[in-house]
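Residues per chain, in single letters:
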Amino acid sequence: MVAAAAAGSGIGCSAGRSPWRFLSVDEARSLAAICDLIIPPDEDPGAAWAGVVNYIDRQLCGPLRHLRNSYRQGIAAVDTSSRALYGANFVALAGPRAIELLRLMEQGQAPREAWKQISSSEFFALLVDQTMQGFYGDPRHGGNREGTSWKMLGMPYPPIRGRLHYDVNTASVPVVGSKVK
Amino acid sequence: MALKHVNAVVVGAGAGGGIVAKELATAGLSVVLVERGKWYTAFDCRKDDLRNQRTPVLGNSFGPDEDRNPRVFVDEQGHEHLMKPSDGGYSNNAACVGGGTASYGAMAWRYMEKDFRMRSTYGTVAGSTLDDWPITYNDLEPYYEKAEWEIGVSGDDANNVFRSPRRRPLPMPPLPGNREYEVLKPAAQRLGLHPFDIPMLRNSVPYNGRAACMRCRWCVGFACEVDAKNGTQNTVIPTALATGNCELRSECIVKEILTDSRGRVKGVAYFDSESRLREQTADLVVVSGSAIESARLLLNSKSRLFPTGLGNRYDWVGRNLQGHAYTGAVGRFDFEVYDDLGPGAGIAICDFNHGNRGLNGEGLTSGGMLANEFIRLPYQFVGWRPPGVPRWGRAHKEFMRQWYRRSIGVMGPVQEMPMFDSRVQVDPKVKDYWGIPVVRLSGHRHPNDQVVGKFLASKAEAWLQEAGAITTWTFSLATGLSGGQHQAGTCRMGDDPKISVVDKYCRVHDVDNLYVIDGSVHVTNGGFNPALTIMAVAYYASDNLAKSRKGTHGAS
């Protein structure tokens, strides 16, 4: 559904036949796998289900369009690193190996030849920050599906305006009128 | 077609300029209030976690335009960076009618008596241009009161034994405390501190025809949905317009202040909302663009008599840029303290604003107030990760679930030591969309700020521990250039024209019909949010300005 909405959005910077706006099908798949390790699903949904890839894809055709090269080069470099270290693309890696590669990136120790255009630690920092934005930010931007992170944190969703939902059980606020007839 | 000559042009409709426009217009002067941004209203409260004045990761929401208004930032290593308004190093305040007051947290602090006499209190400080203001707290007191009643302040500082004397209480009672308040107040009292209800430019009860705060979570960084937050855009500016003497021109970018052959100013040249260059002549010009843009405008107003810009004969325009380094601590509790009630901040102490140990433990120095932090949205809380907690993976998620509703932050602004080389210049190469040279920012903070920051953080931590926090950690202080939304100091007020830009009435020393009235004139910036002081100075300076003009100019 997300992909269909994207294809119909008419923003017009979609790459080839991808249903995404900016990302290719393969890039989106890799990005989903990375994001789902940054905020993994457990008893609460993870980043991929929450729509973080959609958030990033949408912003790359909007306010964050200056980061397009970083994403294109960075995602390619993740796969290059993955093949160099483990002989397979990132999406094919088992959990512990994938996490190991992200740790190497975080520490700037991923295979150097793959990261000539962008530093692995900078790209990883970017990914972490934007995964957080997509997961915890307002759903209007394409992530945080159904306000899932807000529910996880126990914040009323949909948001209830004002203080009325507290007045009913706050002793310091006088109650006027009768509750039932 | 030439625009009609007026008595006064005010450049910038923020905390300072909005008040100046209202005071002059009600005194009978004809006023044009020029503002580069738009006029937003309560309907523009977008409640957007990622696009607001505090979290502009997808752009800022109260101007200026992201693509048309670059600045150059020079870092401590001397590298130049081209900045957009949403970048941290840009030091954006806001560009809209109301300026920062349209989206601020709205703390309404009076500076303390010692804040106006910093050099007399602490002596000269090596490496700093620390000085006294040429005016005292007593000079401003009536105007603080006027700001509190006209713009509207709620709160109760009766228990603040450190406060400077006031003649009149605040017009509105404080909002009821939130859960953090209930936890922190008795703890402060047990420590022998003096907690009180923060004065806020926010309606706790209906006031001036607008509603009371409804305690929602979209507060600092947002326009108030029910218009309960008081800025110049919903108070003095409508009053100014209602006089019939004031015209507001929004989305107009002032290029330069025009001077005549005798060295007096005669008006401004500006680009209107359709980027046409216009000239507005006036008897006097008031610059109220906030510390960074006001300095830029003076520096860009060059002429034969003023080859380095207006007011800049001794190279003081743009110097001493200050803001506030924030410091503090976060405490984690084994019970819930988050109750989803805005504005969140409610309780403060001023026990550590003055008389703290300075550099090397020698001498005494100023400090800052400490208060519980404004309500935070989840994405902001991600940044409250304590040292040692991984920033991603299962541990991150566990951290968010465990601590989002169980954490309190106590924060405060360090009163900074002014630095001559922390400055605003105009860049020799980069120009904005209209071809006007842009701001170039460079400099760093004084080492004393670090000492004060650590000290205040330790006091915040002790307060949280007394309140029952099971673990605490402190924020480390930035060392780079200050500025940001609390920007001040770039057109210093003083009696000696060689070491200041404006006189004690905010008039530029060597141009008798040019004024700077905003945070730029602050000699020092207090250990407080500066908005109410900017407002008080604006009332004070306007009062003198209107009196000096009386009888010479009627409404035209």
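Just so you know, these numbers come straight off a predicted model, no measurement behind them.

So, how was this worked out
Numbers given for residues are sequential positions, taken from 1 along each chain in its written order. Here the convention is simple: chains get letters from A, ligands get numbers from 1, in the order in which they are written. Where local features are concerned, this predicted model is filtered to residues with pLDDT of at least 70; where side-chain atom pairs are given and counted, the filter is 80 or more; whole-chain, interface and lining totals use all residues. Only DSSP runs of H or I covering at least 4 residues are called helices, and only runs of E covering at least 2 are called strands; the numbering of each starts at the N terminus. It is the C-beta atoms, placed from the backbone, that decide contacts: two residues are in contact if theirs lie within 7 Å. For every residue, the other C-beta atoms within 10 Å of its own C-beta are counted; 20 or more classify it as buried, 12 or fewer as exposed, and values in between as partly exposed. C-beta atoms are placed from the backbone. The criterion for strand pairing is that DSSP finds at least two bridges linking the strands in question. Look down the strands so they point away from you; if the path from the first strand over the helix to the second goes clockwise, the crossover is right-handed. To obtain an axis, a line is fitted to C-alpha atoms, over the contacting stretch when the element is a helix, and the angle between two such axes runs from 0 to 180 degrees between their N-to-C directions. When an angle is under 35 degrees it counts as roughly parallel; over 145 it counts as roughly antiparallel; between 65 and 115 it counts as roughly perpendicular; any other value is oblique. For this scheme, ten residues count as nonpolar: Ala, Val, Leu, Ile, Met, Phe, Trp, Tyr, Cys and Pro. Four count as charged, namely Asp, Glu, Lys and Arg, and the remainder, Gly too, count as polar. As used here, a nonpolar core is made of buried Ala, Val, Leu, Ile, Met, Phe, Trp, Tyr and Cys residues. They are joined through C-beta atoms within 7 Å.

Chemist: Explain the overall build of chain B here, please?
Modeler: A tally of helices and strands in chain B yields 10 helices and 20 strands. Taking the principal axes of its C-alpha atoms as reference, chain B extends roughly 70 × 50 × 50 Å. A separation of at least 24 residues holds for 74% of the contacts in chain B among residues at least 6 apart in sequence.

Chemist: What is the right way to look at the pairing of strand E2 (residues 31-34) of chain B in this model?
Modeler: Here is the key point about a regular strand: its side chains alternate between the two faces of the sheet. Residues and elements named next belong to chain B. Burial along E2 is two-sided: the residues Val31 and Leu33 and Val32 and Val34 are all buried. In terms of strand pairing, strand E1 (residues 6-11) meets E2 through four bridges, oriented parallel. What sits directly across from Val9, in E2, is Val32. In this fold, the crossover linking E1 to E2 by way of helix H1 (residues 15-26) has right-handed handedness. Note: E2 against strand E7 (residues 246-249), four bridges, orientation parallel. Bridge pairing in E7 links Val31 to Cys246.

Chemist: Looking at this model, I keep getting lost on the packing of helix H2 (residues 25-38) of chain A against helix H5 (residues 68-86) of chain A. Mind explaining?
Modeler: Two numbers describe a pair of packed helices, the interaxial angle and the distance between the axes. Residue and element names in this part refer to chain A. Packing of H2 against H5 leaves a shortest axis separation of 10 Å and a crossing angle of 75 degrees. When the axes of H2 and H5 are compared, the pair comes out roughly perpendicular. Facing H2, whose interface residues are Glu27, Ser30, Leu31 and Ile34, H5 presents Ile75, Val78 and Asp79. Looking at the contact of H2 with H5, its residues break down into four nonpolar, one polar and two charged.

Chemist: Help me understand the sheet that holds strand E6 (residues 196-200) of chain B, please; the structure alone is not making it clear to me.
Modeler: Backbone-to-backbone hydrogen bonds join strands into a sheet, with any given pair of strands oriented parallel or antiparallel. Residues and elements named next belong to chain B. The strand order across the open sheet built from seven strands is E5-E6-E12-E15-E16-E11-E19, with neighbouring strands paired in antiparallel fashion. At either end of the open sheet lies a strand with only one pairing partner, and these are strand E5 (154-156) and strand E19 (471-474). Neighbour-to-neighbour, the strand axes of the sheet open up by a mean angle of 30 degrees, direction not taken into account. Of the strand pairs in this sheet, strand E15 (residues 370-372) and strand E16 (residues 407-414) are connected by two bridges, and their pairing is antiparallel.

Chemist: Got a minute to help me understand the sheet that holds strand E3 (residues 71-74) of chain B in this structure?
Modeler: Residue and element names in this part refer to chain B. In spatial order, the strands read E4-E3-E18-E17; together these four strands make up an open sheet with mixed pairing. Each having just a single partner strand, strand E4 (80-83) and strand E17 (423-431) make up the two edges of the open sheet. On average, each strand axis in the sheet is tilted by 35 degrees relative to the strand beside it, whichever way the strands run. On the sheet, helix H6 (residues 290-300) packs against E17 and strand E18 (437-442) and is oriented at approximately 60 degrees with respect to E17.

Chemist: Explain the environment of Ala467(B) here, please?
Modeler: All names here are of chain B. Relative to the assigned elements, Ala467 resides in the loop between helix H9 (447-466) and E19. In this structure the C-alpha to C-alpha distance between Ala467 and Leu191, which are 276 residues apart in sequence, comes to 9.9 Å. When sequence neighbours within four positions are dropped, the list of residues in contact with Ala467 reads Val183, Leu184, Ala187 and Gly331.

Chemist: Mind showing me how you'd approach the packing of H2(A) against helix H7 (residues 120-136) of chain A here?
Modeler: Residues and elements named next belong to chain A. Where H2 meets H7, the axes come as close as 10 Å, and the angle between the chain directions of the two elements is 75 degrees. Accordingly, the angle class assigned to the pair H2 and H7 is roughly perpendicular. Across the interface between the two elements, Ile34, Cys35 and Ile38 of H2 pack against Leu127, Val128 and Thr131 of H7. Residues of the contact of H2 with H7, tallied by class, amount to five nonpolar, one polar and no charged.

Chemist: What exactly am I supposed to notice about the nonpolar core here?
Modeler: Side chains that are nonpolar tend, in soluble globular proteins, to be buried together. Residues and elements named next belong to chain B. Ranked by size, the top nonpolar core spans 206 residues in total, and within it Val31, Val285, Tyr515 and Met535 carry the most contacts. Here this core takes 11 residues from helix H10 (residues 531-549), the largest share from any one element. Residues in contact with Tyr515, not counting those within four places in the same chain, are Leu284, Val286, Val287, Cys506, Arg507, Val508, Ala541 and Leu545. Ranked by size, the runner-up nonpolar core spans five residues in total, among them Tyr122, Leu130, Met417 and Met419.

Chemist: Is there a simple way to think about the environment of Leu377(B) in this case?
Modeler: Residues and elements named next belong to chain B. Considering the arrangement of structural elements, one finds Leu377 in the loop between E15 and helix H7 (378-381). Since 23 C-beta atoms lie within 10 Å of it, Leu377 is described here as buried. Apart from residues lying up to four places away in sequence, Leu377 is in contact with Asp49 and Arg217.

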